[in-house]
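Chains, contacts and geometry: an overview
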Amino acid sequence: MNKIVMWSVTVALAGFLFGFDTVVISGANKPIQALWDTSPLFHGTFIMSMALWGTVLGSLAGGIPTKRLGRKKTLFWIGVLFFVSAIGSALAPDPYSFSFFRFMGGVGVGVSSVAAPIYISEITSAQNRGKMVALYQFCLVFGILIAFISNWLLKGFDGANDWRWMLGVEAIPALLYTIMVLKVPNSPRWLAIVKKDDEAALGVLETIYLGAEKAKNVLQEIKKDLLQPKTSEKLFQKKYNRVLWLGFLIAFFNQLSGINFVLYYAPQILEQAGLGGEESLFNSIAIGIVNLVFTLIGVRLIDKLGRRQLIIIGSIGYIVSLIMVGWCFYADASPAMLLTFICIFIASHAIGQGAVIWVFISEIFPNRVRAYGQSWGTSTHWVFAALITLITPFFIDEQEGILRDSLWYIYYFFAGMMVLQLLWAIFKMPETKGVSLEDLEKKLVDEEA
């Protein structure tokens, strides 16, 4: 394994912790609600969505340490946050301390979604950037699958304390990741632009491009940013309007597909559809496997077909599958049919938005403001994820849910949003495959200025 791949895989493991942490709560959802007798309002606000509010904070603030401390140090502290969160959540004596430690893990997720894609995009070449950054998403969905499997295996392990083991086991991969990330180098673009350490940057670039001449040319291209006026470090200015809108919209549509609605509440949704009891956790594994397989396909295709084409393909799959999932709930179709269309929905997400979002956001912002731009895109993603997770119990709670008997309305709404995403991808989304980060800046920013 060459060094670039090894560094990329190591950093992408932050995505594994991201995926595991955000979905592991699905197995603990109902046991915790029963244990602490929480209302739908409290359960949605503090138990299920608290990690996501931490993620919002982490993604909003993540650009600051990512730029000032550097990508590597930030990635190290992400591992520490995940480790402490896992132990604390598992040992929590009450819903308030539980929420605090879940919030801490959420901060780790939010900062991870800023720092990891940026780091990988900055150490890879334009030709391989898509699939290398998409490794983050692959590890994310692998973490989701392992969380589903772990929850299923730990069901019945320690009776009423099963959920504690489900959450606490994350401490093991968190510790391993934290140790491994110490071995990766600093980003050459961060070294050159922020630290102004050309020698160290050149050393990393020589490893990336396997030669001193090419490395020197790339370094010269990177350093052109230093000639830009200081005002270019401000993210919210007219010249960045286009990339700000692109970052916002891809994140907005990602969450308005309903992906977190399905993943976070998978066991409960499947149980309400007749795939209930302990089998709901096992059926969640099928969702995780489909997610993993089609993410791998998306990773393989992202540098061949391009980001825009995958979004178009995914949008069509979203629309068809969401309409059919809604119809299954409306017509009380067989649970097997419902599970089939949910899996098609997951496949559409994995090959489209799932494979593209972190790559696209990490590419479109100029070097000087990339960390803050990544925060903008990821915080948009997580604000909508938190809002959707917060209000979901009001719709699907078995006793008090507004649409507990009419879930099809939710899926039709998500399908309508995906029609809008399809139109955006066809008419407004630029293609970024095979273009260097510096050339993308000229294409998306300089031409607009």
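Residues numbered from 1 in each chain as written. Predicted model: local features only at pLDDT ≥ 70, side-chain atom pairs only at ≥ 80, totals over all residues. Heavy atoms only, no water.

Right, let's get into the environment of Val 290. Relative to the assigned elements, Val 290 resides in helix H17 (residues 279-301). For the pair Val 290 and Phe 345, spaced 55 residues apart in the sequence, the C-alpha separation amounts to 9.7 Å. Apart from residues no more than four positions distant in its own chain, Val 290 is found in contact with Cys 343, Ile 346 and Ala 347. (Helix = DSSP H or I, 4+ residues; strand = E, 2+ residues; numbered from the N terminus. Contact = heavy atoms within 4.5 Å.)

All right, on to unusual backbone geometry then. Trans peptide bonds make up the majority, and among non-glycine residues the majority have a negative phi. Phi is positive for Lys 196, which is not a glycine, with a value near 55°. With phi around 55°, Asp 332 is a residue other than glycine that occupies positive phi space. Mapped onto the fold, Asp 332 is located in the loop between helix H18 (307-331) and helix H19 (335-364). Residue classification places Asp 332 among the exposed positions, given a relative accessible area of 68%. (Buried < 20%, exposed > 50% of the residue type's maximum accessible area, 1.4 Å probe, protein only.)

Here helix H1 (residues 3-23) contains 21 residues, and its C-alpha end-to-end distance of 31 Å stays within 8% of the 30 Å for a straight helix at 1.5 Å per residue. Of all 21 residues making up H1, 16 are buried, and the element is well covered by its neighbours. Where H1 begins, one side-chain oxygen reaches toward the backbone nitrogen of Ile 4, 3.0 Å away; that side chain belongs to Asn 2. (Expected span 1.5 Å × (residues − 1). Polar contact = N/O pair within 3.5 Å; in protein donor to acceptor, adjacent residues only side chain to side chain.)

Turning our eyes to something else, we now look at the side chain of Glu 170. Here Glu 170 lies in the loop between helix H9 (162-168) and helix H10 (171-180). Although Glu 170 is buried, it forms no salt bridge, and the closest oppositely charged side chain is Arg 102 at an N-O distance of 5.2 Å. For Glu 170, the residues in contact, after removing those within four places along its chain, are Leu 17, Phe 20, Asp 21, Phe 82 and Ala 86. (Lys, Arg positive; Asp, Glu negative; His and termini not counted. Salt bridge = Lys/Arg side-chain N within 4 Å of Asp/Glu carboxyl O.)

Here we come to empty space enclosed by the protein. The tally for this structure, following the rule as stated, stands at three cavities of 30 Å³ or more. Of the pockets and cavities examined, the second largest cavity occupies roughly 80 Å³. Forming the walls of the second largest cavity are Lys 67, Arg 71, Glu 122, Arg 189, Trp 190, Ile 193, Val 194, Asn 367, Arg 368, Arg 370 and Ala 371. Of all elements in the fold, only helix H11 (188-193) and helix H20 (370-396) reach the threshold of two or more residues within the lining of the second largest cavity. In terms of residue count, the dominant contributor to the lining of the second largest cavity is H11 (three residues). (1 Å grid on protein atoms, 1.4 Å probe; cavity = no way out; pocket = protein on both sides within 12 Å on 5 of 7 lines; lining within 4 Å. Points joined across faces, edges and corners; volume = space filled by probe spheres on them.)

Relative to each other, helix H12 (residues 198-209) and helix H13 (residues 212-223) sit at 125°, their axes nearing to 8 Å. Taken as axis vectors, H12 and H13 run oblique relative to one another. Crossing of H12 over H13 shows right-handed handedness. On H13, the residues touching Asp 198, Ala 201, Leu 202, Leu 205, Glu 206 and Tyr 209 of H12 are Ala 212, Lys 214, Ala 215, Lys 216, Val 218, Leu 219, Ile 222 and Lys 223. Residue composition of the contact of H12 with H13, by class: nine nonpolar, no polar and five charged. (Axes fitted to C-alpha atoms, helices over the stretch in contact; angles between N-to-C directions. Parallel < 35°, antiparallel > 145°, perpendicular 65-115°, else oblique. Left-handed = near helix turned anticlockwise from the far one by under 90°. Nonpolar A, V, L, I, M, F, W, Y, C, P; charged D, E, K, R; others polar.)

Okay, the pattern of salt bridges next. All told, the structure shown has 10 salt bridges when counted by the stated rule. A salt bridge links Asp 198 to Lys 223, with the nearest nitrogen and oxygen atoms 3.2 Å apart. With Asp 198 in helix H12 and Lys 223 in helix H13, the pair connects residues that are 25 residues apart, well separated along the chain. A residue is classified by how much of its surface remains accessible, and Asp 198, at 28% relative accessible area, is partly exposed. A salt bridge links Arg 307 to Asp 303; the nearest nitrogen and oxygen atoms lie 3.0 Å apart. A single burial state applies to Arg 307 and to Asp 303, both of which are buried. Taken together, the salt bridges that share partners define one network made up of Arg 129, Asp 303, Arg 307 and Glu 363.

Turning next to the confidence of the model for the protein. In this model, the protein carries an average pLDDT of 86, and 88% of its residues clear a pLDDT of 70 or more. When pLDDT is averaged over each element of the protein, H10 comes out on top at 96 and helix H16 (residues 266-272) at the bottom at 63. (pLDDT = per-residue confidence, 0-100.)

Turning next to the environment of Val 169. Looking at the secondary structure, you find Val 169 in the loop between H9 and H10. Since its relative accessible area comes to 30%, Val 169 is described here as partly exposed. Val 169 sits 145 residues away from Val 24 along the chain, and the two C-alpha atoms are 9.9 Å apart. For Val 169, the contacting residues outside a window of four places in its chain are Phe 20 and Ser 150.

With their axes 9 Å apart at the nearest point, helix H8 (residues 129-154) and H19 run at an angle of 120° to one another. On the basis of the axis angle, H8 is oblique to H19. Crossing of H8 over H19 shows right-handed handedness. Note on element contacts: H19 touches H8 through His 349, Gly 354, Ala 355, Trp 358, Val 359, Ser 362 and Glu 363, opposite Arg 129, Gly 130, Val 133, Ala 134, Tyr 136, Gln 137 and Leu 140. Broken down by class, the residue content of the contact of H8 with H19 amounts to seven nonpolar, five polar and two charged.

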